[in-house]
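# Tertiary structure, described
As a plain string of letters, each chain reads:
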Amino acid sequence: MTLDFSTLLPYADVILEGLVTTLWLTVVTTAAGITLAILVAYARDGSPTGSRRIVSRLLGGYVEVTRNTPFIVQLFFLYFGLPALGVPISATVAALLAMILNLGAYTAEILRAGIDSTLTGQHEAARALGLSRLQSFRHVVLVPAFSRVYPSLISQCIIVMLGSAVVSQISVFDLTYAANFIQSRNFRGFEVYLVVTLIYLLLAVGLRLAFEFVGRRLFAFRQGGSA
Amino acid sequence: MFAFAKNRFSRQLVLALCCTVAAGLAAVSAQASDLETIEQRGTLRVAVPQDFPPFGSVGTDLQPQGYDIDMAHYLADQMDVDLKLVTVTSANRIPFLQTDKVDLVISSLGKNPERAAVIDFTDAYAPFFLGVFGTPEADAIDDASGLSGKTIGVTRGSVEDMELSDLAPSDTTIQRFEDNATTISAFLSGQVSYIATGNVVAAQIAERNTERAPTMVFQIKNSPCYIGLAQDNGALKARVNALIEQAKQDGTLESMSQQWFHTALPDDLSS
């Protein structure tokens with residue numbers, strides 16, 4: 001068998017369309033997923049009482065269900081299950097929702113690890129100095145926790161980006177869908193998947209570099225202080 | 001002692017070879033039964049499938065059932081002979097005919113030049129096509145241009161995917177799924193109102209989900225089934241063709257199509 005990459009040329013726009021979809025899915029998921037995770041972490045922070053306790057328990061349930069079921073099953077549940085329950089949902093929205101919920105749950109756990117490693121004394125000192133719960137969470141708990149778990153966070157976002165390949169199963173036109181589509185047309189599986197593998201690799205490396213760049217800005221205080 | 005054994009072995013070998021050659025010759029020279037032979041014998045031998053619903057499968061009573069089996073019964077009844085069903089696989093249905101083990105092959109047989117070189121075909125008797133199917137309440141569409149602006153599900157890389165990709169207008173959203181099961185799920189869950197698939201697959205969906213039974217919108221590729229018979233068997237072919245025509249006229253094929261495919265018999269059976 002000889003490799004013939006010229007057979008891919010007519011499909012350049014297909015690959016481009018898939019790449020664009022994968023990229024924006026990743027960007028939106030990263031932003032929304034981390035936001036969701038922060039909200040979950042805030043709601044579950046400390047030892048909540050009363051109605052906050054119920055919310056905290058519910059969120060704990062969401063995190064456990066999401067982290068202990070396969071992503072593709074979550075995706076199928078949203079895409080095939082919701083319309084059956086009378087909630088129409090498009091393939092793209094289902095994919096986005098599944099990815100955000102998935103990243104949110106994993107990141108919430110990663111953040112919790114960071115928050116748990118923050119000394120309770122710091123938290124208490126902040127409250128004693130007159131900071132509100134939100135202020136103390138934001139400045140004293142969240143930012144140091146973030147900086148501590150930042151490497152794990154980067155990895156998790158890359159895992160979600162790579163995991164987005166699964167959304168091709170419900171006909172979302174992402175990079176993997178593009179590869180499968182081309183392969184079903186020109187039967188040049190090896191060439192197509194080689195190219196797409198390289199694109200995913202570049203995306204992952206690019207994403208990591210971008211995160212590290214942002215991290216250096218966000219957590220500049222650590223470089224001088226604790227490093 | 002040794003010489004005797006060797007001798008006996010050689011004789012057995014020669015005998016075995018002779019038997020093989022004779023069997024081979026007998027197979028080659030097997031004369032197909034013509035119409036007269038069948039009527040004298042009083043039995044019509046028909047090869048039918050048992051693993052390809054709704055054409056032929058084994059029912060809960062362990063008896064073969066399906067469109068092909070009904071067709072075989074119809075022919076035998078009309079010819080006033082007994083029916084002997086011989087279940088075959090798709091690989092051995094033509095050899096069964098060539099070696100005169102059966103008189104007819106009614107086994108969802110499509111026509112192609114390779115087959116036409118070794119056996120003969122009657123007229124088409126059963127619908128086998130790729131088409132666009134919709135929900136009962138979906139908008140009626142006459143042809144591919146009617147798909148403009150619509151969303152349609154199809155299994156990626158299938159023949160219907162290729163045909164549909166050529167036919168559909170550019171503003172049609174074609175959602176391609178990994179396999180038949182996912183495409184069917186998308187249709188049944190309401191994600192798509194139209195799918196492109198084979199009439200056999202559509203019949204299977206209709207069998208299990210009567211409230212969302214796919215109804216035929218238009219055909220995209222037609223390759224109906226023919227009854228296979230031995231070559232140079234003109235009288236039998238003429239008789240079967242006449243009976244197929246009769247079955248079309250008296251509504252037998254229509255009711256068989258309704259029963260097994262849950263859809264009307266297409267107007268044009270021949271490709």
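As the structure is a computational prediction, the values presented were derived from the model and not from experiment.

### Some thoughts on the sheet that holds strand β8 (residues 129-134) of chain B
All names here are of chain B. What the 5 strands build is an open sheet, ordered β10-β9-β11-β8-β12; its pairing is mixed. At either margin of the open sheet sits one strand with a lone partner, and together these are β10 (173-177) and β12 (215-222). The average undirected angle you get between the axes of adjacent strands in this sheet is 25°.

### Description of the packing of aromatic side chains
All names here are of chain B. By the definition in use, this model includes 17 aromatic pairs over all chains. A ring pair is formed by F55 and F128, whose centres lie 5.9 Å apart and whose planes are at 45°; its orientation type is tilted. One end of the pair, F55, is in the loop between β2 (51-52) and β3 (56-58); the other, F128, is in the loop between β7 (120-126) and β8, with 73 residues separating them in the sequence. Residue class for F55 comes out buried when judged on its relative accessible area of 0%. The class for F128 is partly exposed, based on a relative accessible area of 28%. Feature note: the residues F52, F55, Y67, Y125, F128 and F261 constitute an aromatic cluster, connected by ring pairs. In this arrangement the basic side chain of K111 is found over the ring face of Y226, its NZ or CZ atom lying 4.5 Å from the centre.

### Observations regarding the nonpolar core
Formed by 71 residues in total, the largest nonpolar core has its most connected members in F146, I170 and I182 of chain A. Once residues lying within four places of it in the same chain are set aside, the contact partners of F146 of chain A are I34, I38, L111, L153 and F219 of chain A.

### Quick look at the interface of chain A and chain B
Taken together, the contacts link 15 residues of chain A with 15 residues of chain B. Across the chain A to chain B interface the summed buried area is about 1300 Å²; carbon plus sulfur atoms make up 51%. By the criterion of area lost to chain B, the three top residues of chain A are F80, Q169 and R185 of chain A, representing 38% of everything that side buries. There are 1 salt bridge connecting chain A and chain B. In this structure, D161 of chain B engages R185 of chain A in a salt bridge whose closest nitrogen and oxygen atoms are separated by 2.9 Å. The tally of links from chain A across to chain B stands at 7 residue pairs in polar contact (both at pLDDT 80 or more). For the side of chain A that touches chain B, the secondary structure elements donating two or more residues are α3 (71-84) and α7 (175-186) of chain A.

### Describing the packing of helix α3 (residues 67-79) of chain B against helix α9 (residues 234-249) of chain B
Residue and element names in this part refer to chain B. Where α3 meets α9, the closest approach of the two axes is 11 Å, and the angle between their N-to-C directions is 110°. Classified by the interaxial angle, the pair formed by α3 and α9 is roughly perpendicular. Crossing handedness for the pair α3 and α9: right-handed. Residues M71, Y74, L75, Q78 and M79 of α3 lie in contact with α9, whose contacting residues are L236, R239, V240, L243, I244, Q246 and A247. Taken together, the residues of the contact of α3 with α9 sort by class into 9 nonpolar, 2 polar and 1 charged.

### Comments concerning unusual backbone geometry
Residue and element names in this part refer to chain B. Geometrically, the link from P53 to P54 is a cis peptide bond, its omega value of 0° lying close to zero. Here P54 lies in the loop between β2 and β3. Even without glycine at this site, S108 takes up a positive phi of about 40°. Within the element layout of this structure, S108 appears in strand β6 (residues 104-109). Backbone geometry places H262, a non-glycine residue, at a positive phi of 55°. In this structure H262 comes out as partly exposed when scored by relative accessible area, which is 32%.

### Observations concerning the pattern of salt bridges
Note on pairing: side chains with opposite charge can pair once their charged atoms come close. Following the criterion strictly, the structure yields 14 salt bridges over all chains and no others. A salt bridge links E191 of chain A to R188 of chain A; the nearest nitrogen and oxygen atoms lie 3.0 Å apart. The class for E191 of chain A is buried, based on a relative accessible area of 0%. Here D120 of chain B and K237 of chain B are joined by a salt bridge, their closest N and O atoms 3.3 Å apart. Placement of D120 of chain B in strand β7 and of K237 of chain B in helix α9 is noted, with a sequence separation of 117 residues between them.

### As for the side chain of D45 of chain A
With respect to the helices and strands, D45 of chain A occurs in the loop between α1 (12-44) and α2 (51-67). Setting aside its immediate chain neighbours within four residues, D45 of chain A contacts R52, I115, H123, R133 and F137 of chain A.

### Concerning the confidence of the model for chain B
Residues and elements named next belong to chain B. A residue-level look at chain B finds 90% of positions with pLDDT of 70 or above and a mean pLDDT of 87. Put simply, helix α1 (residues 2-28) is where chain B has its lowest mean pLDDT, 61, and α3 is where it has its highest, 96. What the predictor reports for the complex is a pTM of 0.76 with an ipTM of 0.78.

### Examining a nonpolar patch on the surface
Residues and elements named next belong to chain A. Judged by side-chain polarity, L3, F5, F190, L194, L198, L201, V205 and L209 come together as a nonpolar surface patch covering roughly 750 Å² of accessible area. Inspection of the secondary structure assignment puts F5 in the segment before α1. For F5, a relative accessible area of 37% puts it in the partly exposed group.

Rules behind the numbers
Residues numbered from 1 in each chain as written. Chains lettered and ligands numbered in written order. Predicted model: local features only at pLDDT ≥ 70, side-chain atom pairs only at ≥ 80, totals over all residues. Heavy atoms only, no water. Pairing = 2+ DSSP bridges. Helix = DSSP H or I, 4+ residues; strand = E, 2+ residues; numbered from the N terminus. Axes fitted to C-alpha atoms, helices over the stretch in contact; angles between N-to-C directions. Phe/Tyr/Trp six-rings, centres within 6.5 Å; stacked < 30°, edge-to-face > 60°. Buried < 20%, exposed > 50% of the residue type's maximum accessible area, 1.4 Å probe, protein only. Lys NZ or Arg CZ within 6 Å of the ring centre and 35° of its normal. Core = buried A, V, L, I, M, F, W, Y, C linked by side-chain atoms within 4.5 Å. Contact = heavy atoms within 4.5 Å. Buried area = accessible area lost by both parts, 1.4 Å probe. Salt bridge = Lys/Arg side-chain N within 4 Å of Asp/Glu carboxyl O. Polar contact = N/O pair within 3.5 Å; in protein donor to acceptor, adjacent residues only side chain to side chain. Parallel < 35°, antiparallel > 145°, perpendicular 65-115°, else oblique. Left-handed = near helix turned anticlockwise from the far one by under 90°. Nonpolar A, V, L, I, M, F, W, Y, C, P; charged D, E, K, R; others polar. pLDDT = per-residue confidence, 0-100. Patch = residues over 30% accessible without salt bridge, like charges linked within 9 Å, V, L, I, M, F, W, Y side chains within 5 Å. Areas by Shrake-Rupley, 256 points an atom, 1.4 Å probe, with all protein chains shown as cover.

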